[in-house]
Amino acid sequence: MKKRYVYLIVIAILLIGILLLAKYAFQNDDSSSESESDDLSELVESKPLPIPPLLEDVDPDPDQAEFHLTAQQGTSEILDGVESKTLGYNGNLLGPVIRVHEGEKVKVKMKNELDEATTLHWHGLRVDGKYDGGPHSEVMAGETWEPEFTIDQPAATLWYHPHMMGMTAKQVYEGLSGLLYIEDEVSNQLDIPKEYGVNDFPLIIQDKKMDASGNMEYAPNMTDSMRGLLGNAFLVNGAISPYLEVPQGIVRLRLLNGSNSRIYHFSLDNNQTFYQIASDGGFLEQPVEMSELQLSPAERAEILVDFSQLETGQKIKLINTNLDATSDSHNDIDVIELMEFVITDEDSGVEDIPKQLTEVESLDPSNSVKTREFVMAGVGDSLTINDKVMDMTQIDEEVDFNTTEIWEVSNKRSGMHGGMAHPFHMHGVQFQVLDRDGNAPPENESGWKDTVLVQPGEKVRLIADFRNKGIFMYHCHILEHEDAGMMGQYEVK
Ligand code: C2O
Ligand code: CU
Ligand code: CU
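What counts and how
- Residues numbered from 1 in each chain as written.
- Chains lettered and ligands numbered in written order.
- Predicted model: local features only at pLDDT ≥ 70, side-chain atom pairs only at ≥ 80, totals over all residues.
- Heavy atoms only, no water.
- Helix = DSSP H or I, 4+ residues; strand = E, 2+ residues; numbered from the N terminus.
- Buried < 20%, exposed > 50% of the residue type's maximum accessible area, 1.4 Å probe, protein only.
- Areas by Shrake-Rupley, 256 points an atom, 1.4 Å probe, with all protein chains shown as cover.
- Donors = N, O, S within 2.8 Å, 3.2 Å for Na, K, Ca; no water.
- Patch = residues over 30% accessible without salt bridge, like charges linked within 9 Å, V, L, I, M, F, W, Y side chains within 5 Å.
- Salt bridge = Lys/Arg side-chain N within 4 Å of Asp/Glu carboxyl O.
- Lys, Arg positive; Asp, Glu negative; His and termini not counted.
- Charge placed at Lys NZ, Arg CZ, Asp CG, Glu CD.
- Contact = heavy atoms within 4.5 Å.
- Phe/Tyr/Trp six-rings, centres within 6.5 Å; stacked < 30°, edge-to-face > 60°.
- Pairing = 2+ DSSP bridges.
- Axes fitted to C-alpha atoms, helices over the stretch in contact; angles between N-to-C directions.
- Core = buried A, V, L, I, M, F, W, Y, C linked by side-chain atoms within 4.5 Å.
- pLDDT = per-residue confidence, 0-100.

Considerations on the overall build of the protein chain
So, step 1. Of the regular secondary structure elements, the protein chain holds six helices and 31 strands.
So, step 2. Among the 493 residues that make up the protein chain, the fraction classed as buried is 58%.
So, step 3. Summed over its atoms, the accessible surface of the protein chain is roughly 20,000 Å², and 47% of this surface lies on carbon and sulfur atoms.

Okay, here's the thing in C-alpha cells:
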C-alpha cells in the first residue's frame, strides 16, 4: 500500500500508540507500533461497507409518502479509536436512503437540530423553487421545514444535501448528504438487480482531510478554498477501505461522487469492464460498457458489474486512478484503493446485462426559444460565472415557464495549464448534453443529467425544458467554488 493517505493514517496511529504508551506503563505490549503497514491495512480494511438504512415512509397511503429527517450532530469513528465530530440526518454521519415512486405525493419534515442554520436541497429533483431547498430556504436551528412535491420524472438516483449560502462545503463535508431513489414502471420491470443492500448497493464516495490526530474537521487552507478541498482519506458510505460481500453474479452499484472537489476515475483492479446503465437523471437507453468511469463532484452513475466469472472468496478492488486535481501537476498519478468486493457463493438472481433499458426522448434544439451563455472562470482567487459572483438579492436570468432553452456553458482558460475543470450544475431541471465543443457527447452522457464537467477551454451545450416555477441556482459543484460565489440564480415564471 503506497497510497498517500496511508502515511497520514500511519502517523495518526503511531501518535495514538505513543500517547497510550505514555499514559499506561504496561507489560504485555503485544501489538501496535511495529510493522505498521500490515497492521494498518488490516485495521483499515476490516470494516464491512456501511449500508445506509432505507427511510421509513410514515404515511400508510400507497400513493403518498411522508418522511422525517433530522439534521443532527454526532461523532463517528472513521479511524479506529479516533472520534471525529460529524453531522448526519437521523444519525451520526450521512443520511438514510429515501425511496419514492414516480407520481407519488411526497411530504418531508426536516428538523434542524444543528446549532446553525441549514437548508435541504433535492439535487436533481424537478420541484418548484420554493421546495428546492436552495439558499433562500433557510431552516434556522431548532426549526422544521416541510416541503411537499409530486415526483414527476423517471427512475433515477438523486441525492439531498444542504445548500446554505457560504456554508454548503462545510456542512456537506461534515456529513450531511443522503441518496434519493426514484423508482418507476421501467425500473420495476427491468431485469436488473433491485434488492436494496443485497444486489443493489449505494456507494457514496467522499474524500476527507484528516489532521495528524485523525480528526476530519473542516478547516480549509487558502489552497483548499481556491481549488476546492482535496482530502487524504477516502470514504465509501462513511468508512475507509470497507469491504462488501457480493453475490457471484450481476451486481448494481449506484455511485455518487459526494466529494467537495475531487474528480474520480473509477475502475476495478482486475481490469474487468462494467456497464453504466444510468446517469444523473435516470437510465441510459442502452448499457455502456467501460473500463473506467469518470465522476465529477455531484455526478452519479449506476453501473452493473458481472461477478459471475469470479471464484468464491475472490477479492476485487474498486480503485481510483487520480490525476491530481491541481492544475499544475497533471502528471502526478495516484492509485487509490477505495473498497473491496468479496465474492460469495450467493446467486444474484440476475444473469444477463439487458440490451435495452429505456427510451430517452431527445429534446429538440429547434424548440429552443433562447440560447444563453455562461462563462465559468476561476482566475486566482476570483471565481465567477459571467464575471459575476453570487448575489442572493439578484436574479441573473429570467426564463419563461414551460419553454425549452439551450445553455452554452464554457470554462475560460487561465494560467499555464488552462486552469481547473468545473462541474456545472443546474437546479430545477434535468438536461441533455447536445455537444462538447461541437462533438456529440460520449454515450454515457446521452441521457438525463444535472451536472456536467466542463474542461478548461471547453464549451458544452445543454438543452433543458423548464417545467417548474420559482427561483433556482446554477453553479459550479466544487463546493468551495460554490461557496465563494461561483453561482447564479434564474427564475422561471
Ligand atoms: Cu448538489 Cu446546488 O446542488
Ligand atoms: Cu442541485
Ligand atoms: Cu469550480
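Picking up where we left off.
A look at the coordination of the copper ion (ligand 3)
So, step 1. His422 (ND1), Cys476 (SG) and His481 (ND1) make up the full set of protein donors to the copper ion (ligand 3), lying at 2.0 to 2.2 Å.
So, step 2. Counting residues between consecutive donors of the copper ion (ligand 3) along the chain gives the motif H-x53-C-x4-H. You can see His422 sitting in strand E26 (residues 422-426) and its partner Cys476 sitting in strand E30 (residues 470-476), a full 54 residues away along the chain.
So, step 3. Exposure remark for His422: the relative accessible area of 2% places this residue in the buried category.
So, step 4. Given a relative accessible area of 0%, Cys476 falls into the buried group.

Digging into a negative patch on the surface
So, step 1. Negative charge collects at one region of the surface, where Asp191, Asp345, Glu346, Asp347, Glu351 and Asp352 lie side by side.
So, step 2. Counting through the fold element by element, Asp347 comes out in the loop between strand E21 (333-343) and strand E22 (368-379).

Comments concerning the environment of Lys469
So, step 1. Here Lys469 shows up in the loop between strand E29 (459-466) and E30.
So, step 2. Remark: the alpha-carbon pair of Lys469 and Val399, spanning 70 residues in sequence, is separated by 9.3 Å.
So, step 3. With sequence-adjacent residues up to four places away left out, Lys469 is seen in contact with Asp128, Gly129, Phe401 and Val492.

Structural notes on the packing of aromatic side chains
So, step 1. In this structure the tally under the stated criterion is 18 aromatic pairs.
So, step 2. Ring geometry for Phe234 and Tyr264: centres 6.4 Å apart, planes at 85°, overall edge-to-face. Here Tyr264 lies in strand E15 (residues 264-268) and Phe234 lies in strand E11 (residues 233-236), a separation of 30 residues in the sequence. For the pair shown, Phe234 and Tyr264 are each scored as buried.

Thoughts on the sheet that holds strand E25 (residues 403-411)
Across a sheet, strands are paired by hydrogen bonds formed along the backbone, either parallel or antiparallel in direction.
So, step 1. As summarised here, the arrangement of the five strands in space is E23-E22-E25-E29-E27, forming an open sheet in which the pairing is mixed. Two strands close off the open sheet at either side, each with one partner strand: strand E23 (382-385) and strand E27 (431-436). On average, adjacent strands in this sheet sit at an angle of 20° to one another, irrespective of strand direction.
So, step 2. One ladder, built from four bridges, connects E22 with E23; its direction is antiparallel.

Some words on the coordination of the copper ion (ligand 2)
So, step 1. The protein atoms that coordinate the copper ion (ligand 2) are His121 (NE2) and His425 (NE2), at distances of 1.9 Å. Within this pair, whereas His121 is found in strand E5 (residues 121-123), its partner His425 is found in strand E26, the two being separated by 304 residues in sequence.
So, step 2. You can call His121 buried: its relative accessible area is 0%.

Brief notes about the pattern of salt bridges
So, step 1. For the coordinates displayed, the defined rule picks out 26 salt bridges.
So, step 2. Where Asp280 meets Lys449, a salt bridge forms, and the shortest distance between an N and an O atom there is 2.9 Å. One end of the pair, Asp280, is in the loop between strand E16 (274-279) and strand E17 (282-290); the other, Lys449, is in the loop between E27 and strand E28 (451-454), and 169 residues separate them in sequence.
So, step 3. On the basis of relative accessible area, Asp280 is assigned to the buried category, the value being 0%.
So, step 4. By relative accessible area, which is 3% here, Lys449 ends up buried.
So, step 5. Where Asp435 meets Arg461, a salt bridge forms, and the shortest distance between an N and an O atom there is 3.0 Å. Linking Asp435 in strand E27 with Arg461 in strand E29, this pair joins segments that are 26 residues apart in sequence.

Here we look at the sheet that holds strand E9 (residues 178-183)
So, step 1. With respect to topology, four strands assemble into an open sheet ordered E3-E9-E8-E5, the strand pairing being mixed. In this open sheet, the two edge strands, each paired with only one partner strand, are strand E3 (98-101) and E5. Between one strand axis and the next, the sheet turns through 25° on average, direction left out of account.
So, step 2. Across three bridges, E5 lies against strand E8 (residues 156-161) in antiparallel orientation. Paired with His121 across the strands is His161, a residue of E8.

Here's the deal with the nonpolar core
So, step 1. Grouped together as the largest cluster of nonpolar side chains are 32 residues, with contacts concentrated most on Leu203, Leu253, Phe266, Phe307 and Phe341.
So, step 2. The element contributing the most residues to this core is E21, with five residues.
So, step 3. Each residue touching Phe307, except ones within four places of it in the same chain, is listed here: Val246, Pro247, Gln248, Gly249, Val251, Gln272, Ile316, Phe341 and Ile343.

Description of the side chain of His481
So, step 1. Topologically, His481 is positioned in helix H6 (residues 479-483).
So, step 2. In this structure His481 comes out as buried when scored by relative accessible area, which is 0%.
So, step 3. Apart from the residues lying within four places of it in its own chain, the contact partners of His481 are Ser225, Met226, Arg227, Gly228, Leu383, Met420, His422, Cys476 and Met486.

Quick notes on unusual backbone geometry
So, step 1. Non-glycine residue Asn402 carries a positive phi angle of around 65°.
So, step 2. Considering the arrangement of structural elements, one finds Asn402 in the loop between strand E24 (397-399) and E25.
So, step 3. Asn402 sits in the exposed class, given a relative accessible area of 53%.
So, step 4. Positive phi outside glycine occurs at Asp437, with the angle close to 50°.
So, step 5. On the secondary structure map, Asp437 appears in the loop between E27 and E28.
So, step 6. What makes Asp437 partly exposed here is its relative accessible area of 47%.

What about the confidence of the model for the protein chain?
So, step 1. When the pLDDT values of the protein chain are averaged, the result is 90; 88% of them are 70 or greater.
So, step 2. Across residues 325-331, confidence stays below pLDDT 50; counting only partners more than four residues off in sequence or on other chains, it has nine contacts.

A look at the pairing of strand E10 (residues 200-208)
So, step 1. Counting buried residues along E10, nine of its nine residues qualify, which places the element largely inside the surrounding structure.
So, step 2. Burial along E10 is two-sided: Asp200, Pro202, Ile204, Gln206 and Lys208 and Phe201, Leu203, Ile205 and Asp207, pointing in opposite directions, are all buried.
So, step 3. Bridge count between E10 and strand E14 (residues 250-257): six bridges; the pairing is parallel. Among the inter-strand pairings, Leu203 is bridged to a residue of E14, identified as Leu255.

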